[in-house]
Amino acid sequence: MELYETMRTLRAVRRLKPDPIPEPVLRRVLESAPTGGNVQPWRMVVVREPALKQRLGELYSERWRLYTAARQPPATISEEARARMTRTYKAGDYLATHFGETPAVVVFCFNPNQMAITDAKQPRPAVVGGGSIYTAVENLLLACRAEGLGCVLTTLLCECEPEVRTLLSIPDPWYTAAAIPIGYPVGRGHGALIRRPIEQLAYTDTWGKPL
Ligand SMILES: Cc1cc2nc3c(=O)[nH]c(=O)nc-3n(C[C@H](O)[C@H](O)[C@H](O)COP(=O)(O)O)c2cc1C
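Throughout this document, residue positions are counted from 1 along each chain, in the order its sequence is written. Predicted model: local features are reported for residues with pLDDT of at least 70 only, side-chain atom pairs are reported and counted for 80 or more only, and whole-chain, interface and lining totals are derived from all residues. Water and hydrogen atoms were dropped before computing side-chain values, which therefore reflect all heavy atoms in the structure.

1. With respect to the side chain of Thr6
Here comes step 1: Where helices and strands are cited, they refer to DSSP runs of H or I of at least four residues and of E of at least two residues respectively, numbered from the N terminus. Examined against the element boundaries, Thr6 turns out to sit in helix 1 (residues 3-8).
Here comes step 2: Leave out the neighbours within four places in its chain, and Thr6 touches Met1, Leu142, Arg145 and Ala146. For this analysis, residues touch if any pair of their heavy atoms sits within 4.5 Å.

Structure, rendered in structure tokens:
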């Protein structure tokens, strides 16, 4: 696929078929990505064993129910925004119910000792370390898109990281950053994105100066 077309249509696809992914296709999407110092402080656990996926699905489902219960659409939002949120939640419910049936769940792990976290001492949550992980995650998502595979970046399982680490035998000092269910889409899958206009997100020269 053309790169811009791939990026502009990389939607969160939550309705995935259980059909297997051919091995060469899966291998292509697992190929590597840039990281600080090129050390690749991440590993992927590609979960395909049904019992493991089922348990991950149960854990994910619990987290999803709590997440949505705490975030109902506020009364003040527009009808359009409400409809969009309802659609997202329905797709999310589908994913939560079928998480364990997706053919592959890629659990991204990271080792903080191998990362140059240049903002670690700033008086705010550090984000630079994530740059050595989520660049690889994004490449995986883009590769899925190019292969016609549906996928969605999920992070809810990080809330129950100890259980996930035990389940997948993830050793110290490796932790989890994301779990990406991958499979062929049930419906149309990826498609045009809804994003805020770039003028609201990017400035010229100094903060707030219009682009
Ligand atoms: C850091 C991050 C974490 C996310 N975690 C979840 C998640 O746990 N579950 C989920 O269904 N979607 C998750 N998403 C997907 C977003 O909800 C999705 O990208 C957003 O709703 C916009 O949808 P679109 O990409 O299809 O336009 C996550 C996305 C990002 C970037």
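2. Notes on the site of the ligand
Here comes step 1: The ligand sits among Arg11, Ala12, Arg14, Tyr60, Val152, Leu153, Thr154, Thr155, Leu156 and Arg195.
Here comes step 2: Here a polar contact means two N or O atoms within 3.5 Å. Within protein one must be a hydrogen donor candidate and the other an acceptor candidate, and residues neighboring in sequence count only if both atoms are side-chain atoms. Here Tyr60 contributes a side-chain N or O atom positioned 2.8 Å from a nitrogen atom of the ligand.
Here comes step 3: Take Thr155: an N or O atom from its main chain is 3.0 Å from an oxygen atom of the ligand.
Here comes step 4: Expressed as a share of its isolated accessible area of 620 Å², the protein-covered part of the ligand is 62%.
Here comes step 5: Split into classes, the residues belonging to the shell around the ligand amount to five nonpolar, two polar and three charged. Any residue with at least one heavy atom within 4 Å of a molecule or strand is counted as near it. A 1.4 Å probe and the Shrake-Rupley method give the accessible areas. Residues count as covered only by the protein chains that appear here. Polar here means any residue other than Ala, Val, Leu, Ile, Met, Phe, Trp, Tyr, Cys and Pro, which are nonpolar, and Asp, Glu, Lys and Arg, which are charged; Gly is therefore polar.

3. Looking at the packing of aromatic side chains
Here comes step 1: Whether two aromatic rings pair depends on their centres lying within 6.5 Å, for rings of Phe, Tyr and Trp, where Trp uses its six-membered ring; planes under 30 degrees apart make the pair stacked, over 60 edge-to-face, and the rest tilted. Here the structure, examined in full by the defined rule, presents six aromatic pairs.
Here comes step 2: A centroid spacing of 5.8 Å and a plane angle of 75° characterise the contact between Trp64 and Tyr89, whose relative ring orientation is edge-to-face. Separated by 25 residues along the polypeptide, Trp64 in helix 3 (residues 50-69) and Tyr89 in helix 4 (residues 79-98) bring together distant segments of the chain.
Here comes step 3: Chaining the aromatic ring pairs together yields one cluster made of Trp64, Tyr67 and Tyr89.

4. With respect to the side chain of Arg165
Here comes step 1: Mapped onto the elements, Arg165 comes out in helix 6 (residues 161-167).
Here comes step 2: Only protein chains enter the area calculation, which uses a 1.4 Å probe; residues under 20% of their type maximum are buried, those over 50% are exposed, and those in between are partly exposed. Relative accessible area serves as the criterion here: at 16%, Arg165 is assigned to the buried category.
Here comes step 3: Ignoring anything within four residues of it in the chain, the contact list for Arg165 reads Ile170, Pro171, Asp172, Trp174, Tyr175 and Thr176.

5. Examining helix 4
Here comes step 1: Take the residue count of a helix, subtract one, and multiply by 1.5 Å to get its expected span. Spanning 20 residues, helix 4 covers 29 Å between terminal C-alpha atoms, matching the ideal 28 Å at 1.5 Å per step.
Here comes step 2: Taken together, the buried positions of helix 4 are Tyr89, Ala91, Gly92, Leu95 and Ala96. Seen along its axis, helix 4 keeps its buried residues to an arc of 165°; they face one direction. More than 90 degrees from the buried face of helix 4, the exposed residues found are Glu79, Glu80, Arg87, Lys90 and Thr97.
Here comes step 3: Each element contacted by the buried residues of helix 4 is listed here: helix 3 and strand 4 (175-183). What the arc describes is the spread of directions from the helix axis to the C-beta atoms.

6. Looking at the state of the cysteines
Here comes step 1: Our working definition of a disulfide is a cysteine sulfur pair at a distance within 2.5 Å. Enumeration according to the criterion identifies zero disulfides in this entry.
Here comes step 2: Sulfur of Cys151: no disulfide; nearest cysteine sulfur belongs to Cys144 and is 4.2 Å away.
Here comes step 3: The class for Cys151 is buried, based on a relative accessible area of 1%.

7. Some words on the sheet that holds strand 2 (residues 104-110)
Here comes step 1: Should DSSP find at least two bridges between two strands, the strands are regarded as paired. Reading across from one edge, 1-2-4-3 is the order of the four strands in this open sheet, with antiparallel pairing throughout. In this open sheet, the two strands that pair with only one neighbour each are strand 1 (42-47) and strand 3 (150-151).
Here comes step 2: Each axis is a line fitted through C-alpha atoms, and for a helix only the stretch in contact is used; angles between axes span 0 to 180 degrees, taken between their N-to-C directions. Here helix 5 (residues 131-146) sits on the sheet and contacts strand 1, strand 2, strand 3 and strand 4; the angle it forms with strand 4, its principal contact strand, is near 5°.

8. Considering the nonpolar core
Here comes step 1: The nonpolar core is taken to be a set of buried Ala, Val, Leu, Ile, Met, Phe, Trp, Tyr and Cys residues, with the residues joined through side-chain atoms within 4.5 Å. One finds Phe108, Ile133, Ile180 and Ile182 to be the most contacted residues of the largest nonpolar core, which totals 25 residues.
Here comes step 2: For this core, the secondary structure elements donating two or more residues are helix 2 (23-29), strand 2, helix 5 and strand 4.
Here comes step 3: Setting aside residues no more than four positions away along its own chain, Ile182 makes contact with Leu16, Ile21, Thr102, Pro103, Ala104, Val106, Leu140, Cys144, Leu149, Gly150 and Cys151.
Here comes step 4: With 21 residues, the next largest nonpolar core counts Tyr60, Tyr89, Ala96 and Leu168 among its residues.

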